[in-house]
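A closer look at the structure
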Amino acid sequence: MELLEILECSPPLTREPLDAGQAAGVARVFKALGDPVRLRILSIVASRAGGEVCVCDITDAFELSQPTISHHLKVLKEVGLLTSERRASWVYYRLVPETLGELSALLTLPASEPAVGAAGVTAAAAAVPR
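Quick summary incoming for the structure in this document. On a predicted model such as this, the values are computed, not experimentally measured, just so you know.

**Remarks on the overall build of the protein**
Per the secondary structure count, the protein includes seven helices and three strands. Going residue by residue from the N terminus, the α and β elements of the protein occur as α-α-α-β-α-α-β-β-α-α. Within the protein, counting contacts between residues at least 6 apart in sequence, those at least 24 apart form 51% of the total. Total accessible area on the protein is roughly 8,000 Å²; 57% of this is exposed by carbon and sulfur atoms.

Written out as structure tokens, the structure reads:
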């Protein structure tokens with residue numbers, strides 16, 4: 001099953017529990033995001049005007065070898081966070097907004113249900129001055 005298919009059929013965490021397959025697929029994405037270099041790469045691509053970045057600009061932003069950067073880009077592509085297009089001798093990377101949107105939807109609390117903190121107090125109740 002493709003990652004986007006896993007995410008598309010995943011309800012928000014507050015509505016119903018993920019099954020084992022959904023959890024494994026989503027965990028792959030979060031594991032990819034858990035690496036500081038990959039998170040920075042994603043940030044570089046996301047913040048670039050025009051929404052795409054040449055691999056040469058990504059490589060220049062790090063003191064890492066080109067094969068290491070290529071590995072990180074491959075991981076981000078495999079989990080569906082980035083896509084690429086070759087133009088002549090350069091490769092350009094773009095975000096996959098659907099994947100980010102699905103991750104966001106998965107973690108979004110419904111507006112009708114207040115968030116409950118560790119002490120069992122809702123965020124709204126905690127904000128009321130006493």
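**Things to note about the pairing of strand 2 (residues 82-87)**
Looking along a regular strand, one sees the side chains alternate between the two faces of the sheet. For strand 2 and strand 3 (residues 90-95), the ladder comprises six bridges, and the chain directions are antiparallel. Following the sheet pairing, Ser84 is matched in strand 3 by Tyr93. Count of turn residues in the strand 2/strand 3 antiparallel hairpin: two residues, of which Ala88 carries a positive phi of about 55°.

**Things to note about unusual backbone geometry**
Phi at Ala88 takes a positive value of approximately 55°, unusual for a residue other than glycine. Residue classification places Ala88 among the exposed residues on the basis of a relative accessible area of 75%.

**Description of the packing of aromatic side chains**
What the rule picks out here adds up to zero aromatic pairs. In this structure, Arg87 is placed above the aromatic ring of Tyr92, and the distance from its NZ or CZ to the ring centre is 4.3 Å.

**A short note on the packing of helix 2 (residues 20-33) against helix 6 (residues 97-107)**
Any two packed helices are characterised by how steeply their axes cross, that is the angle between the axes, and by the distance between the axes. The N-to-C vectors of helix 2 and helix 6 enclose an angle of 105°; their axes lie 12 Å apart at closest approach. Classified by the angle between their axes, helix 2 and helix 6 sit roughly perpendicular to one another. Here helix 2 contributes Val26, Val29, Phe30 and Leu33 to the contact with helix 6, which in turn contributes Leu103, Leu106 and Leu107. Along the lines of polarity and charge, the residues of the contact of helix 2 with helix 6 split into seven nonpolar, no polar and no charged.

**Overview of the environment of Gln66**
You can see Gln66 is positioned in helix 5 (residues 66-78). Residues Gln66 and Val55 lie 11 residues apart in sequence; the distance between their C-alpha atoms is 9.4 Å. Polar side-chain contacts of Gln66 include one of 2.5 Å to the side chain of Ser70.

**Structural notes on the pattern of salt bridges**
When their charged atoms lie close together, side chains carrying opposite charge are able to pair. Inspection of every chain in the model, using the stated rule, returns six salt bridges. Notably, a salt bridge pairs Glu78 with Lys74, separated by 3.9 Å at the nearest N-O pair. Of the two residues, Glu78 and Lys74 both sit in helix 5, four residues apart, roughly one turn of that helix. With a closest N to O distance of 3.5 Å, Glu85 and Arg94 form a salt bridge. Among the residues examined, Glu85 registers a relative accessible area of 33% and is labelled partly exposed. Owing to a relative accessible area of 24%, Arg94 belongs among the partly exposed residues under this scheme. Residues joined in a network through salt bridges with shared partners are Glu52, Glu85, Arg87 and Arg94.

Reading guide: rules and limits
Here the residue numbering is sequential within each chain, running from 1 through the sequence in written order. Per-residue local features of the predicted model are confined to residues with pLDDT of at least 70, and side-chain atom pairs are confined, for both listing and counting, to 80 or more; whole-chain, interface and lining totals are unaffected and use all residues. As a rule here, side-chain values cover all heavy atoms of the structure and leave hydrogens and water aside. Helix and strand labels come from DSSP, where a helix needs a run of H or I of at least four residues and a strand needs a run of E of at least two; each type is numbered from the N terminus. Whether two residues are in contact is decided by their heavy atoms: any pair within 4.5 Å suffices. Working definition of accessibility: Shrake-Rupley area with a 1.4 Å probe, residue cover restricted to the visible protein chains. Strands pair, by our definition, only if DSSP identifies at least two bridges between them. Only protein chains enter the area calculation, which uses a 1.4 Å probe; residues under 20% of their type maximum are buried, those over 50% are exposed, and those in between are partly exposed. Between the rings of Phe, Tyr and Trp (Trp by its six-membered ring), a pair exists once the centres lie within 6.5 Å; its type follows the angle of the planes, with under 30 degrees stacked, over 60 edge-to-face, and the other angles tilted. Think of it as a cone above the ring: NZ of Lys or CZ of Arg counts as a charge over the ring if it is within 6 Å of the ring centre and within 35 degrees of the ring normal. Every axis corresponds to a line fitted to the C-alpha atoms, with the helix fit spanning only the stretch in contact, and the corresponding angles, defined between N-to-C directions, vary from 0 to 180 degrees. Relative orientations are named as follows: roughly parallel for angles under 35 degrees, roughly antiparallel for angles over 145 degrees, roughly perpendicular for angles from 65 to 115 degrees, and oblique for any other angle. Residue type decides the class: Asp, Glu, Lys and Arg count as charged, Ala, Val, Leu, Ile, Met, Phe, Trp, Tyr, Cys and Pro as nonpolar, and the leftover types, Gly among them, as polar. The term polar contact refers here to a pair of N or O atoms within 3.5 Å; inside protein, the definition further demands a hydrogen-donor-capable atom paired with an acceptor-capable atom, and it admits residues adjacent in sequence only when both atoms are side-chain atoms. Between Lys or Arg on one side and Asp or Glu on the other, a salt bridge is scored when a side-chain nitrogen of the former is within 4 Å of a carboxyl oxygen of the latter.

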